[in-house]
Amino acid sequence: MQESFEKLLEHAKANPGEFLTGVATLLLVVATALLVRATNILSKSAREDSLNRKIQATVDAWMKVRSELDLPHLNKETPEKELRAQLRTLEAFSVGVNSGVYDLATFKQISGNWYCQQFDRIKPIIDERQINSPDAYKELASLAKAVKEMRPDVAKKPAGQTCSERS
């Protein structure tokens with residue numbers, strides 16, 4: 001072992017440029033490995049922070065929207081202006097969830113069952129409006145479907161049941 005080390009020292013003395021290049025290369029490999037590790041840690045931290053912000057935004061937005069809604073009292077006799085305002089408010093929130101701005105899993109935990117029950121109740125109103133405008137309130141239906149598909153009991157129930165029947 002000592003003999004190998006002496007040969008290495010002789011070679012370094014005879015070729016200092018090669019020796020310095022080798023040492024610099026080793027240092028670059030170590031620095032690169034440390035940078036990759038640090039980048040991965042920062043990336044994970046940024047993803048976690050982003051998710052936490054998305055969850056908080058979902059909770060804040062839903063609590064505000066929920067306080068403005070009176071879905072349990074909506075029916076075909078509800079004045080058009082009030083009915084439209086309620087559905088638009090819910091539709092706007094649904095777009096946020098469906099597009100990924102808000103967190104679907106968080107929404108499902110907060111009010112998934114309630115939303116499905118209310119959606120099933122107002123679905124006849126939505127169906128009636130979709131006769132003349134097929135895209136009317138389609139985000140509401142998409143959100144109900146997404147919430148329903150997240151439920152663990154979906155695989156156990158026969159097809160064709162509504163959200164509220166799965167509650």
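Residues numbered from 1 in each chain as written. Predicted model: local features only at pLDDT ≥ 70, side-chain atom pairs only at ≥ 80, totals over all residues. Heavy atoms only, no water.

Trainee: I'm lost on the overall build of the protein in this one. Help?
Mentor: Looking only at helices and strands, the protein has five helices and zero strands in total. Here the protein has a C-alpha radius of gyration of 30 Å; the compact-globule value for 167 residues is 15 Å, and the former is much larger. Viewed in the frame of its principal axes, the protein has a C-alpha envelope of about 100 × 35 × 30 Å. In the protein, of all internal contacts separated by at least 6 residues, the share reaching a separation of at least 24 is 67%. Looking at the protein as shown, the accessible area adds up to about 11,300 Å², and 58% of this sits on carbon and sulfur atoms. (Helix = DSSP H or I, 4+ residues; strand = E, 2+ residues; numbered from the N terminus. Rg over C-alpha atoms; globule rule 2.2 N^0.38 Å. Contact = heavy atoms within 4.5 Å. Areas by Shrake-Rupley, 256 points an atom, 1.4 Å probe, with all protein chains shown as cover.)

Trainee: Would you mind going over helix H2 (residues 16-68) with me for this structure?
Mentor: Owing to its 3.6 residues per turn, the α-helix brings residues three or four apart onto one side. Taking 1.5 Å of rise per residue, the 53 residues of H2 would be expected to cover 78 Å, and the 77 Å separating its terminal C-alpha atoms lies within 8% of that figure. Regarding H2, the residues found buried are Thr-58, Ala-61, Trp-62 and Val-65. Residues of H2 that are buried sit in contact with helix H3 (80-99) and helix H4 (104-132). (Expected span 1.5 Å × (residues − 1). Buried < 20%, exposed > 50% of the residue type's maximum accessible area, 1.4 Å probe, protein only.)

Trainee: Just checking my understanding: could you explain the pattern of salt bridges for this structure?
Mentor: A side chain with one charge can pair with a side chain of the opposite charge if their charged atoms come near. Applying the stated rule across the entire model yields seven salt bridges. The closest approach of N and O atoms between Lys-123 and Asp-127, which form a salt bridge, is 2.8 Å. Of this pair, Lys-123 and Asp-127 both sit in helix H4, four residues apart, roughly one helical turn. Judged by relative accessible area, which is 33%, Asp-127 ranks as partly exposed. Overlapping salt bridges, with partners in common, bring together Glu-80, Arg-84 and Arg-129 in one network. (Salt bridge = Lys/Arg side-chain N within 4 Å of Asp/Glu carboxyl O.)

Trainee: Please clarify how the environment of Val-29 should be interpreted in this entry.
Mentor: Note that Val-29 resides in helix H2. Here Val-29 falls in the exposed class, since its relative accessible area comes to 52%.

Trainee: Can you walk me through H3 in this structure?
Mentor: Counted at 1.5 Å a residue, the expected span for H3 with its 20 residues is 28 Å, and the 28 Å between its end C-alpha atoms agrees. Every buried residue of H3 is listed here: Leu-83, Gln-86, Leu-87, Leu-90, Glu-91, Phe-93, Ser-94, Gly-96 and Val-97. Where H3 is buried, its residues contact H2, H4 and helix H5 (138-150). One or two residues past the end of H3 sits Gly-100, with phi positive at roughly 95°.

Trainee: Explain the environment of Ala-105 to me, please; I cannot follow it from the model alone.
Mentor: Inspection of the secondary structure assignment puts Ala-105 in helix H4. Between the C-alpha atom of Ala-105 and that of Tyr-137, which follows or precedes it by 32 residues, the distance is 21 Å.

Trainee: It is not clear to me how the packing of aromatic side chains should be interpreted in this structure. Could you clarify?
Mentor: What characterises a pair of aromatic rings is the spacing of the ring centres plus the angle enclosed by the ring planes. Under the counting rule described, the total for this entry stands at seven aromatic pairs. Measuring from ring centre to ring centre gives 5.3 Å for Phe-93 and Phe-107, while their planes differ by 55°; the resulting arrangement is tilted. Highlighted residues: Phe-93 in helix H3 and Phe-107 in helix H4, separated in sequence by 14 residues. For the pair formed by Phe-93 and Phe-107, the shared burial category is buried. Stacked on the ring of Trp-114, the Lys or Arg Arg-66 has its end atom at 3.7 Å from the ring centre. (Phe/Tyr/Trp six-rings, centres within 6.5 Å; stacked < 30°, edge-to-face > 60°. Lys NZ or Arg CZ within 6 Å of the ring centre and 35° of its normal.)

Trainee: How should I be thinking about the side chain of Ser-111 in this particular structure?
Mentor: Structurally, Ser-111 can be placed in helix H4. Engagement of the side chain of Ser-111 in a polar contact is seen with the side chain of Arg-66, the distance being 3.0 Å. Setting aside its immediate chain neighbours within four residues, Ser-111 contacts Trp-62 and Arg-66. (Polar contact = N/O pair within 3.5 Å; in protein donor to acceptor, adjacent residues only side chain to side chain.)

Trainee: Please explain the side chain of Thr-58 as it appears in this structure.
Mentor: For Thr-58, the position within the fold is in helix H2. In this view, Thr-58 contacts Phe-93, Tyr-102, Asp-103, Thr-106 and Phe-107; residues no more than four positions away in its chain are not counted.

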